[in-house]
Amino acid sequence: MSKMSELSQVLDEMIACGEGMINAANAIKAIFSSTEETPAKTETMPTKKANKAPETAKAEEAPKPTYSKEDVRAVLASKSAAGYKKEVKELLEKYPGTLICFMLNIPGPEKVNKLFEKVFYEGLEKIQNKLETEKISTEVRLVQENITGYEGYLVVKADGCRVKKLMIALEETKIGRLYDIDVLEKENTKISRNDLGFPERKCLLCDNPACQCGRSRKHSIEELRKKIYDIIWEEQLQRGVAAEISQALMEEVYTTPKPGLVDREDTGAHTDMDCQTFQKSTEAIAEDLAAMFEAGYSWEADPETLFPLLRERGKKTEEKMFAATGGVNTHKGIIFTIGILAAAAGISLRNYGKIESESVCRISLEMTKKELEQDLRKLKQSSGITHGEKIYCHLGEKGVRGLAMTGYPILCELTVPHMKQYIANNRDKNQINVQILLEIIAELTDTNVISRTSEKEMRWLQTEAKAILKAGGAFSENGLQKVRELNQICIRKNMSPGGAADLLAATIFLCRMETLMERRKGILQ
């Protein structure tokens, strides 16, 4: 059974459970509608207690039924709300300021479970991070966990309208569709979206205002909850992909030794970057690259129509990289390559329910071939702007464009199969990465090396890598020593095989993505 089928089965079970809860709630509502209610506690059943009657009257009393906590969820909800309003009022009296009230928009009786708890606290963290980014201090934070759901309250020292705009920005994100963030100023005055010129929130399932669909009950609770679980699953999946990207990028950097490249021993032929520079860059771009995966996963049209949008997103991601590194180009090639592969992986998961390197590389070709061919035709009529473009104009080497438009054959035919085989043989992880890097250097026409030296020097480096592989490669002490010696020569020649390093990161990424669903099978648990 595919992972998508398993997810569908879980959702069906959740829907069935929800139907049972709704029926129970309706039944208990009917029971209580004719009796006087008394204050309830979440730990106990809020049944009405009769005065103690004489012993002779006991036989006339009908036996009182017992109910579970779930049966009276609706009753408890109405009772606890009044208590929260009182606490909020006391909070504002003690800590005057702007109040942020945060809850989740979860229809139906079940509002408390491990998954909703995770989403709530992640949302609360996003609110806190947004405030810290804007240098808004939080005076006090209160969290309520109750059968009616999770509620968070923050009192901040800032203008209410400014805070509301920040919270609306969070609500407009994909997972933010599930957030209900109110902002109140003095005298509990709620600032609405309309007050600031923002439109009403849309329904999760259609383009109508959410409040309109809610009042008319246009959609069933089952439909809404299924959509909610879909949103949560996609959000958690994207976070998982961002972690895989970060792992791949930093694993490449920490692979040691490498010829002419930054690693744990030195900075190779580079004087403007080190491991920390790459760490800052990775933190700046990982989520953007993961968003490209999500774009592919959500894309319903032809893959080639997605590529122009990816390129525009890539330009913005480059800006974040340069901002994080102070203008140093650490990952420009990676943004192009991983961006394409991530989007293709998303399309693969959507269409086939799994991620395999062969399908990812094939989709990459389908996505990029037409537009990149047009790029190259235009470049023939110019002298080029970037180093890669100038090399194409003078030598005809297509660089990263050529790799993408041919479906990355070096990855799906060489490096990914070899890496998986080395892993299956329980080889040392660092040695595997060094070995794969040598294999890439031996085969790749690395335009990065050409731009820093010459085509002749690039061919020399290929020969050196082949000689080390023939002597045992990274799986022998002699081979590792030869890599260190080659590194010193590359430093003297100002030679850095950055293109090969990018493909090593791409290889690590694809191998990890192939097992992503299995390793994150508890994503909804």
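Keep in mind that this is a model prediction, so the values were computed, not measured.

Formed by 85 residues in total, the largest nonpolar core has its most connected members in I245, F293, Y408, L411 and F509. Ranked by the residues each element gives to this core, the list is headed by helix 9 (residues 332–352), at 12 residues. Residue contacts for F293: discarding those within four places in its chain leaves L237, V241, A342, A343, A345, G346, L349, I355 and M513. Residues I106, L124, I175 and Y179 belong to the second largest nonpolar core, which totals 31 residues.

Detailed conclusions should not be drawn from predicted coordinates in areas where pLDDT is low. Taken as a whole, the protein shows an average pLDDT of 84; of its residues, 80% reach a score of 70 or greater. Looking across the protein, the model is least confident in helix 1 (residues 3–32), with a mean pLDDT of 50, and most confident in helix 14 (residues 429–443), with 98.

With 24 residues, helix 7 (residues 275–298) ought to run about 34 Å at 1.5 Å a step, and its terminal C-alpha atoms sit 34 Å apart, in line with that. At I285, helix 7 shows its strongest bend, of approximately 35°. Measuring from the side-chain oxygen of the N-cap residue of helix 7 to the backbone nitrogen of Q276 gives 3.1 Å; that N-cap residue is D274.

A word on empty space enclosed by the protein. Within the structure shown, the criterion is met by three cavities of 30 Å³ or more. Approximately 40 Å³ is the volume found for the second largest cavity. The wall of the second largest cavity is formed by I441, L444, D446, V449, M458, L461, Q462 and P497. With three residues, helix 16 (residues 455–470) is the single largest residue contributor to the lining of the second largest cavity. Tallied by class, the residues present in the lining of the second largest cavity amount to six nonpolar, one polar and one charged.

What follows is about the packing of helix 8 (residues 307–325) against helix 10 (residues 357–379). Helix-helix packing is described using two parameters, namely the angle between the two axes and the distance between the axes. Two elements in contact, helix 8 and helix 10, have axes separated by 9 Å at closest approach and are oriented at 70°. Of the possible angle classes, the one that applies to helix 8 and helix 10 is roughly perpendicular. Of the residues in helix 10, those in contact with F307, P308, L310 and R311 of helix 8 are M367, T368, E371, L372 and D375. Counted by class, the contact of helix 8 with helix 10 contains five nonpolar, one polar and three charged residues.

A word on the pattern of salt bridges. Within the structure shown, the criterion is met by 29 salt bridges. R459 is the partner of E455 in a salt bridge, and the nearest nitrogen-oxygen pair spans 3.5 Å. Highlighted residues: E455 and R459, both in helix 16, separated by four residues, approximately one helical turn. Judged by its relative accessible area of 31%, E455 is partly exposed. Here the salt bridges share partners, and the residues they tie into one network are E171, E172, R193 and R201.

For the rest of this paragraph, the subject is unusual backbone geometry. Residue P257 is bonded to the preceding T256 through a cis peptide linkage, with omega at 0°. Take P257: it is sitting in the loop between helix 6 (221–254) and helix 7. One non-glycine residue, K135, lies in positive phi territory at about 55°. Here K135 shows up in the loop between helix 3 (114–133) and strand 2 (138–146). Of note in this structure, Y408 is not a glycine but carries a positive phi near 50°. Along the chain, the position of Y408 falls in the loop between helix 12 (399–405) and helix 13 (409–424).

Let us now look at the environment of V360. Positionally, V360 belongs in helix 10. Setting aside residues no more than four positions away along its own chain, V360 makes contact with L341, A344, A345, S348, I355 and L510.

Right, let's talk about the packing of aromatic side chains for a bit. Taken as a whole and judged by the stated rule, the model has nine aromatic pairs. Residues F102 and Y179 carry aromatic rings whose centres are separated by 5.2 Å and whose planes lie at 90° to one another, so their mutual orientation is edge-to-face. Residue F102 is found in strand 1 (residues 98–104), and its partner Y179 is found in strand 4 (residues 179–184); the two are separated by 77 residues along the sequence. Per residue, the accessibility class of F102 equals that of Y179, and both read buried. Ring centres of W233 and Y297 lie 5.7 Å apart, and the angle between their planes is 45°; on these two criteria the pair is classed as tilted. One end of the pair, W233, is in helix 6; the other, Y297, is in helix 7, and 64 residues separate them in sequence. The pair W233 / Y297 is uniform in exposure class, with both members buried. Taken together, the ring pairs in this structure connect F102, F120, Y121, Y150 and Y179 into an aromatic cluster. Cation over ring: R427 sits above F475, and NZ or CZ is 4.2 Å from the ring centre.

Another aspect to go through is helix 13. Under the 1.5 Å per step criterion, the end-to-end length of helix 13 is 22 Å for 16 residues, consistent within 8% with the ideal 22 Å. Helix geometry: helix 13 is bent most strongly at T415, by close to 35°, with proline P417 lying one to four residues after it. Looking at the packing, one finds that the buried side of helix 13 touches helix 9, helix 10, helix 12, helix 14 and helix 18 (498–514). Positioned one or two residues after helix 13, N426 has a phi angle of 60°, which is positive.

The sheet built from four strands is open, its strands ordered 2-3-1-4 with antiparallel pairing. Whereas interior strands pair on both sides, the edge strands pair on one side only; in this sheet they are strand 2 and strand 4. Mean inter-strand twist for the sheet, computed between neighbouring axes without regard to direction, equals 15°. Bridge count between strand 1 and strand 4: six bridges; the pairing is antiparallel. The residue of strand 4 that forms the bridge with M103 is D180. Contacting strand 1, strand 3 (149–156) and strand 4, helix 4 (residues 160–171) runs over the sheet at an angle of about 175° to strand 4.

What counts and what doesn't
Residues numbered from 1 in each chain as written. Predicted model: local features only at pLDDT ≥ 70, side-chain atom pairs only at ≥ 80, totals over all residues. Heavy atoms only, no water. Core = buried A, V, L, I, M, F, W, Y, C linked by side-chain atoms within 4.5 Å. Buried < 20%, exposed > 50% of the residue type's maximum accessible area, 1.4 Å probe, protein only. Helix = DSSP H or I, 4+ residues; strand = E, 2+ residues; numbered from the N terminus. Contact = heavy atoms within 4.5 Å. pLDDT = per-residue confidence, 0-100. Expected span 1.5 Å × (residues − 1). Bend = angle between axes of the 7 residues up to and from the residue. Polar contact = N/O pair within 3.5 Å; in protein donor to acceptor, adjacent residues only side chain to side chain. 1 Å grid on protein atoms, 1.4 Å probe; cavity = no way out; pocket = protein on both sides within 12 Å on 5 of 7 lines; lining within 4 Å. Points joined across faces, edges and corners; volume = space filled by probe spheres on them. Nonpolar A, V, L, I, M, F, W, Y, C, P; charged D, E, K, R; others polar. Axes fitted to C-alpha atoms, helices over the stretch in contact; angles between N-to-C directions. Parallel < 35°, antiparallel > 145°, perpendicular 65-115°, else oblique. Salt bridge = Lys/Arg side-chain N within 4 Å of Asp/Glu carboxyl O. Phe/Tyr/Trp six-rings, centres within 6.5 Å; stacked < 30°, edge-to-face > 60°. Lys NZ or Arg CZ within 6 Å of the ring centre and 35° of its normal. Pairing = 2+ DSSP bridges.

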